[in-house]
Amino acid sequence: MLDATKINGFHIITNGNGNGKSNGYHKDLLTKAPEKAAIEEAVRTILANVGEDPDRDGLVGTPNRIARMYDEILAGYHVDPVKLVNGALFDVDYGEMVLVKDIEYFSMCEHHMLPFFGRAHVAYLPSDKVIGLSKIPRIVDMFARRLQVQERMTSQIAQMMDEILQPRGVAVMVEGSHMCSMMRGVKKEHPVMVTTTMLGDFKEDKELREDFLRQVRR
Ligand SMILES: [Zn+2]
């Protein structure tokens, strides 16, 4: 059973009821949730100011589509990490490295609100507990589906693994292609950014670290 105090430091943002503000909203938006109406109105403003006609056929539904899409691609703010791992921690007498690799993720860069995406590799050295295999991709997803920088996402995944499992070590590597650098400028080379966080034995023990890197690349 996971203790809620163990996940201190993780932001759990629940759906607010909005502030009820409606000034300036299009009148057909007033019956919708204030958050969605505000996003729709903001998207209309962007469309009108990049030289588009927000009322033309192809665009008229776009603000609403974007507002609804954010529910999905930014859903990580509303995930409760306690519920996410509840019931999936098991006592097992196994001390070797557990590695889940090639976890596909899609995130949004907080500087440009454009996607970055790639693969995450998550390893830990159990002390007495292991976590259900399917939960690790869900932990990655919870942090990916927010406005992020790749460096912080990498360390948040590692910190959460550390807090819930209290293992002897955690290693996380994230590889990411960033649309904000791919779409802008004239460069046609698209480097993949690699970030790593090593905790506990992975940080102290060079051989373990190399074993992790070797298995990730295999
Ligand atoms: Zn960016």
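Right, let's walk through the structure included here. Just so we're clear, the structure is a prediction, and the values are computed from it rather than from any experiment.

Moving on, we come to the nonpolar core. Val-122, Val-140, Ile-157, Met-161, Val-170 and Val-172 are the most contacted members of the largest nonpolar core, which has 30 residues in total. For this core, the elements supplying multiple residues, two or more each, are strand E3 (115-125), helix H4 (135-144), helix H5 (150-165), strand E6 (169-178) and helix H8 (206-217). A per-element tally of this core places H5 first, with 7 residues. If we ignore the near neighbours within four places in the chain, the residues touching Met-161 are Val-122, Tyr-124 and Val-170.

A few words now on the packing of helix H1 (residues 34-49) against helix H2 (residues 62-73). Think of two packed helices as two axes; the pair is described by the angle between the axes and how far apart they sit. Where H1 meets H2, the closest approach of the two axes is 8 Å, and the angle between their N-to-C directions is 130°. Between H1 and H2, the crossing angle belongs to the class labelled oblique. The two elements H1 and H2 meet at a crossing, and its hand is right-handed. Counted together, Lys-36, Ile-39, Glu-40, Val-43, Arg-44 and Leu-47 of H1 and Thr-62, Pro-63, Asn-64, Ile-66, Ala-67 and Tyr-70 of H2 form the full contact between these two elements. For the contact of H1 with H2, the per-class residue count stands at 7 nonpolar, 2 polar and 3 charged.

Here we come to the packing of H4 against H5. Two elements in contact, H4 and H5, have axes separated by 10 Å at closest approach and are oriented at 140°. If you check the angle between H4 and H5, you find them oblique. Between H4 and H5 lies a crossing whose hand is right-handed. For the pair formed by H4 and H5, the contact residues are Ile-139, Val-140, Phe-143 and Ala-144 on the first element and Met-153, Gln-156, Ile-157 and Met-160 on the second. Taken together, the residues of the contact of H4 with H5 break down into 7 nonpolar, 1 polar and no charged.

The residue Glu-104 is located in strand E2 (residues 98-109) in this model. Separated by 16 residues in sequence, Glu-104 and Ala-120 have C-alpha atoms that sit 6.5 Å apart.

What counts and what doesn't
- Each chain has its residues counted from 1, running along the sequence as written.
- Only residues with pLDDT of at least 70 get local features here, since the model is predicted, and only at 80 or more are side-chain atom pairs given and counted; chain-wide, interface and lining totals rely on the full set of residues.
- Think of a nonpolar core as buried Ala, Val, Leu, Ile, Met, Phe, Trp, Tyr and Cys residues, each tied to the set through C-beta atoms within 7 Å.
- For every residue, the other C-beta atoms within 10 Å of its own C-beta are counted; 20 or more classify it as buried, 12 or fewer as exposed, and values in between as partly exposed. C-beta atoms are placed from the backbone.
- Each helix is a run of H or I in the DSSP string that is no shorter than four residues. Each strand is a run of E no shorter than two, and both are numbered from the N terminus.
- Working definition of a contact: two residues with C-beta atoms, positioned from the backbone, lying within 7 Å.
- Axes here mean lines fitted to C-alpha atoms, for a helix over just the part in contact, with angles spanning 0 to 180 degrees between N-to-C directions.
- Small angles under 35 degrees read as roughly parallel and large ones over 145 as roughly antiparallel, with 65 to 115 read as roughly perpendicular and the rest as oblique.
- Helix crossings get a hand from a simple test, with the near helix turned counterclockwise from the far one by less than a right angle marking a left-handed crossing and a clockwise turn marking a right-handed one.
- Under this grouping Gly is polar, as are all residues other than the nonpolar Ala, Val, Leu, Ile, Met, Phe, Trp, Tyr, Cys and Pro and the charged Asp, Glu, Lys and Arg.

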